[in-house]
Structures are given as C-alpha cells and as structure tokens.
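Residue-level structure breakdown
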Amino acid sequence: DLQIPDLETRIAILRKKMHNDGAEMPGNVVELIASSIDTNIREMEGAMISILAQSSMNKKEINTDLANSVIQKFVKSTPREITIEHIQKTVGEYFDIPIDKINSSTRKREIVQARQLAMFFSKAYTKHSLAAIGSKLGKKDHATVLHACKTVKNLYDTDRDFKKHFDELENMLKVRM
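What comes next concerns the included structure. Because the structure is predicted, anything quoted here is derived from the model rather than measured. (Residues numbered from 1 in each chain as written. Predicted model: local features only at pLDDT ≥ 70, side-chain atom pairs only at ≥ 80, totals over all residues. Heavy atoms only, no water.)

Comments concerning the nonpolar core
Core analysis: the biggest nonpolar cluster contains 25 residues, and Ile87, Val91, Leu117, Phe121 and Leu137 have the highest contact counts within it. Elements with a contribution of two residues or more to this core: helix H5 (84-95), helix H7 (109-125), helix H9 (142-158) and helix H10 (160-176). Among the elements that make up this core, the one with the highest residue count is H7 (eight residues). Each residue touching Val91, except ones within four places of it in the same chain, is listed here: Ile102, Ala114, Ala118 and Leu169. If you look at the next biggest cluster of nonpolar residues, it comprises 19 residues, including Met18, Val29, Leu32 and Ala67. (Core = buried A, V, L, I, M, F, W, Y, C linked by side-chain atoms within 4.5 Å. Buried < 20%, exposed > 50% of the residue type's maximum accessible area, 1.4 Å probe, protein only. Helix = DSSP H or I, 4+ residues; strand = E, 2+ residues; numbered from the N terminus. Contact = heavy atoms within 4.5 Å.)

Rendered as structure tokens:
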C-alpha cells in the first residue's frame, strides 16, 4: 500500500526534479508547492513547471505571489480524492456508529449494513482493490467485499429505508468530490 509522501520527501522530490532540469527556484516557493499540493506528485511537478513557465514567459520573478496564483489554479481544478477512511468516517457519523465498531467482527444488523455500505462506496469511489478495501474495513477478504456489494444492490432494490440511507450517504460523499 503506497502512502502519500510526507512534506520533506515532497520537497526533496521537487529539488531533485529542478536539479535534473537545471532550474532554480527559491526555497520558500518549493516549500509552498510541496505543502499546497499533497495529493499527487505529478500535479506538484506540474505546478512547479507552470511557475517556471509563467516566470520566463512573463519575465516575472519567482516569488510566493506568483506561486500562489499558479497553485490556486491547480488546487481548484483537481477533484478531491475520496479515501476509504473518509468513507468510514462519513458512514460512521451518518449512522452514529464508531469506526472501530464498523471494523469489528460483530454481526449486529445495523453495524453489518454500515460496514457493507462503506465497502460498497469504497469500491465505487476509490481505486483500491477488493482485498485492500476488505483489509481496511474489518480485516475482511475480497470475497466479503464482493458479497457486501451484491447485498447493498439487493437491499437498494428491495428496502425503501435502506435506499433512503444509501441516497443520503451518496450525496454526502459526492459533496467531497
């Protein structure tokens, strides 16, 4: 499971990229880029390249004002990625169930349904494998996640209350996107 690099690593990546490209940029601007864009290394490098391009085309000095104007365009245009943790938190808050209960092995109906919804939305809104989703949601295997997805679809089609909960949760998650 790959994690998002920490701030120091992102700064080091940008400095290495600038060194390889023969580019120079003030340290405070590099830190600003690395702290503002933490979702994707390519986006971070793209912002750096855009700042360098803006500077050379408009004959502007590279400073935090120029960097902020370029970074704002990058941050706004980038859709926020929904994480399994965010989905767990949203489902837990919606049903007023602590995350540790959702991830427990209990078979209480309301907790099982919350866990199944979290699995379904994790499969729908993240790029994680079924095994990774299961692992983060109660140390379950991929078959359990598949079963949960089928169960959610069946309940959606047959249970009016469940459909209402599903639709409300989906709207809460889409706000994040």
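Describing H5
With 12 residues, H5 should cover 16 Å at 1.5 Å per step; its first-to-last C-alpha distance of 17 Å lies within 8% of that length. All buried positions along H5 are accounted for by Ile84, His86, Ile87, Gln88, Thr90, Val91 and Gly92. (Expected span 1.5 Å × (residues − 1).)

A word on the packing of aromatic side chains
As enumerated under the stated definition, the model contains six aromatic pairs in all. Judged by centre distance (4.9 Å) and plane angle (90°), the rings of Tyr94 and Phe95 are edge-to-face. For Phe95, a relative accessible area of 25% puts it in the partly exposed group. Following the ring pairs from residue to residue traces out a cluster consisting of Phe120, Phe121, Tyr125, Tyr156 and Phe166. (Phe/Tyr/Trp six-rings, centres within 6.5 Å; stacked < 30°, edge-to-face > 60°.)

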